[in-house]
Amino acid sequence: MVLSKTLHEQGPIRPPNEAGSLLLRLTRNCPWNRCQFCPVYKGEKFSRRSLEEIKSDINRIEESVNKLEEISWKNGMSGAINRDLVALIHARHPELLPVAFWQYHGGETVFLQDADSLLLPVEQLKEILEMLKEKFPKIERITTYARSRSLLRRSVEELSQLKNSGLSRVHVGLESGNDKVLEFMKKGVSGAQQVEAGQRVKETGLCLSEYVILGLGGSDLWREHAVDTAQALNKINPDYIRVRTLAIHPASPLHERYTSGEFKPLDDDGVVKEEALFLDHLEGVNSAFYSDHILNLLEEVNGQFPDDKQMMKAVVEKYLSLPDHKRELFRLGRRTGYFRSLDDLENSVLLSKVEEIYTQLQNEGISVDQYIENLMRRYI
Ligand code: SF4
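So, here is what we can say about the structure in this document. In this text the structure is predicted, and so the values were computed from the model without any measurement.

## Digging into the pattern of salt bridges
Think of it this way: side chains of opposite charge can pair up when their charged atoms draw near.
(1) Moving on: Counted according to the given criterion, the structure contains 29 salt bridges.
(2) Moving on: Its salt-bridge partner being Arg-327, residue Asp-269 comes within 2.9 Å of it at the nearest N-O pair. Here the residue Asp-269 occupies a position in helix H11 (residues 268-281), and Arg-327 occupies one in helix H13 (residues 324-335), the gap between them amounting to 58 residues.
(3) Moving on: Residue Arg-327 is classed as buried on the basis of its relative accessible area of 14%.
(4) Moving on: The residue Lys-318 makes a salt bridge to Asp-343 at a minimum N-O spacing of 3.0 Å. You can see Lys-318 sitting in helix H12 (residues 309-320) and its partner Asp-343 sitting in the loop between H13 and helix H14 (348-364), a full 25 residues away along the chain.
(5) Moving on: Under the relative-accessibility criterion, Asp-343 is labelled partly exposed at 48%.

## Focus on helix H6 (residues 156-165)
(1) Moving on: Along H6, the residues classified as buried are Leu-159, Leu-162 and Ser-165. Here the buried residues of H6 occupy an arc of 120° about the axis, which is enough to place them on one side. For H6, the exposed residues lying more than 90 degrees away from the buried face are Glu-157 and Asn-164.
(2) Moving on: Packing partners of the buried residues in H6 comprise helix H4 (122-135), helix H5 (148-152) and helix H8 (191-204).
(3) Moving on: Just beyond H6, the residue with positive phi is Gly-166, at close to 130°.

## Things to note about the pairing of strand S5 (residues 141-145)
(1) Moving on: Burial within S5 is extensive, with 4 of its 5 residues counted as buried.
(2) Moving on: Sheet analysis places strand S4 (residues 109-113) next to S5, joined by 4 bridges and oriented parallel. Pairing of Phe-111 across the sheet is with Thr-143, part of S5.
(3) Moving on: Following the chain from S4 across H4 to the adjacent parallel S5, one finds a crossover that is right-handed.
(4) Moving on: As judged from the 3 bridges shared by S5 and strand S6 (residues 169-175), these two strands associate in the parallel manner. Bridge pairing in S6 places Tyr-145 opposite His-171.

## Considerations on the environment of Gln-199
(1) Moving on: With respect to the helices and strands, the residue Gln-199 is situated in helix H8.
(2) Moving on: For Gln-199, a relative accessible area of 36% gives the class partly exposed.
(3) Moving on: Gln-199 sits 43 residues away from Val-156 along the chain, and the two C-alpha atoms are 10 Å apart.
(4) Moving on: Setting aside residues no more than four positions away along its own chain, Gln-199 makes contact with Lys-235 and Ile-236.

## Quick word on the site of the ligand
(1) Moving on: In the neighbourhood of the ligand, the contacting residues comprise Cys-30, Asn-33, Arg-34, Cys-35, Phe-37, Cys-38, Tyr-41, Lys-42, Ala-115, Arg-147 and Lys-187.
(2) Moving on: Put simply, the ligand lies in the largest pocket.
(3) Moving on: In the shell around the ligand, the residues fall into 6 nonpolar, 1 polar and 4 charged.

## A look at the packing of helix H9 (residues 218-236) against H11
(1) Moving on: As a packed pair, H9 and H11 sit with axes 8 Å apart at the nearest point and diverge in direction by 30°. For the element pair H9 / H11, the angle class is roughly parallel. The two elements H9 and H11 meet at a crossing, and its hand is right-handed. Residues Trp-222, Arg-223, His-225, Ala-226, Val-227, Thr-229, Ala-230, Gln-231, Leu-233 and Asn-234 of H9 touch H11, and the partners they reach there are Lys-273, Glu-274, Leu-277, Phe-278 and His-281.
(2) Moving on: Here the contact of H9 with H11 is built from residues that sort into 7 nonpolar, 5 polar and 3 charged.

## Structural notes on the environment of Leu-26
(1) Moving on: Counting through the fold element by element, Leu-26 comes out in the loop between strand S1 (22-25) and strand S2 (27-28).
(2) Moving on: Residue Leu-26 is classed as buried on the basis of its relative accessible area of 0%.
(3) Moving on: Sequence separation between Leu-26 and Ser-176 is 150 residues, and the spatial gap between their C-alpha atoms is 27 Å.
(4) Moving on: When neighbours within four sequence positions are excluded, Leu-26 is seen to be in contact with Arg-48, Arg-49, Ile-54, Leu-112, Gln-113, Ser-117, Leu-120, Leu-125 and Ile-128.

## As for the layout of surface pockets
(1) Moving on: Of the pockets and cavities examined, the largest pocket occupies roughly 1,200 Å³.
(2) Moving on: If you trace the largest pocket, you find 45 residues lining it, with Ile-13, Arg-14, Val-40, Tyr-145 and Arg-244 closest to the centre.
(3) Moving on: Secondary structure elements with two or more residues in the lining of the largest pocket: S6, strand S7 (207-214) and strand S8 (240-245).
(4) Moving on: Ranked by residues supplied to the lining of the largest pocket, first place goes to S6 with 4 residues.
(5) Moving on: For the lining of the largest pocket, a count of residues per class yields 27 nonpolar, 7 polar and 11 charged.
(6) Moving on: Size it by volume and the second largest pocket reaches roughly 480 Å³.

Reading the values: rules and limits
- Residues numbered from 1 in each chain as written.
- Predicted model: local features only at pLDDT ≥ 70, side-chain atom pairs only at ≥ 80, totals over all residues.
- Heavy atoms only, no water.
- Salt bridge = Lys/Arg side-chain N within 4 Å of Asp/Glu carboxyl O.
- Helix = DSSP H or I, 4+ residues; strand = E, 2+ residues; numbered from the N terminus.
- Buried < 20%, exposed > 50% of the residue type's maximum accessible area, 1.4 Å probe, protein only.
- Arc of directions from axis to C-beta.
- Contact = heavy atoms within 4.5 Å.
- Pairing = 2+ DSSP bridges.
- Right-handed = clockwise from strand over helix to strand, strands pointing away.
- Near = heavy atom within 4 Å.
- 1 Å grid on protein atoms, 1.4 Å probe; cavity = no way out; pocket = protein on both sides within 12 Å on 5 of 7 lines; lining within 4 Å.
- Sits in = over half its atoms within 2 Å of the grid points.
- Nonpolar A, V, L, I, M, F, W, Y, C, P; charged D, E, K, R; others polar.
- Axes fitted to C-alpha atoms, helices over the stretch in contact; angles between N-to-C directions.
- Parallel < 35°, antiparallel > 145°, perpendicular 65-115°, else oblique.
- Left-handed = near helix turned anticlockwise from the far one by under 90°.
- Points joined across faces, edges and corners; volume = space filled by probe spheres on them.

Listed below in structure tokens is the structure:
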């Protein structure tokens, strides 16, 4: 997700559920930058922003909040940051838009960018967290991405200090629990280290969100990927498990290994079979499970473990038991935005729209797979 220019500096991405959060950049890019599937920071150099730079950004954000209130009063909106004000800011003061958007969403959440904020010295991080809480008392949640390697450099004591200063949640890219997959993808960390880092975060009481990439083992390692990832998560028991499906970006190193035949990706049906095995092996966790990424075919696989496990498995099994043509139509409907859930196949209006596209593709000699592959690239 590429973000717009603002008076304070922002990085290029955030987790899907931080759409309404203030984005504050503490470091630029990724200190590791070698993961094969990841195109985000390739060609960009990692750097740490100085404490002074970050503090002046926080001051600028405060000024922007005050300015927004002033504009609201001047335009008869009594200081409120509502939809009309956001539209006005969009048209006349686009540099204030990210802060206006944050305030419109309540001004309660902050996401610290970029890929590995916890590399900064603990004392600096504490100062930043405390300044944010002091300037914006409405803040309820401050989250960040962190690499497991960096988390392992932090003691439980240090992580607890960050929690006490206002850090609420850590988002970790587990991606896989299988060592072969992690090594092939050059994640720079082993399954055991991912587990240890996750357990350390949980020990401090910080909220932990672990990300998994469905399809990351390709057709050679899908079983090991599914089982070992579930087993790693069983040991960590994170608060959230979020899945996203692999799509190979042309700018990622994985693309070359795909075109050379070294990496053989799973097709949609293969990914769903893998997801079934993954769900099956998730045991003893109390995590909330989310499929909230546009790349996921089955967006409706959401729920709370352990209670909703059977319900989530039932969705996956329902898809796999559909006749071939229905599965193909569902994939096409989902990727073109007409379908959100399997029940949409029963909606005759939506179904006829998807059938129209299907017929058109057939007439033009374009395969559904080829068409979907091109669509998916736009979502990465
Ligand atoms: S650690 Fe994260 S941001 Fe860095 S290369 Fe890997 S996936 Fe990309």
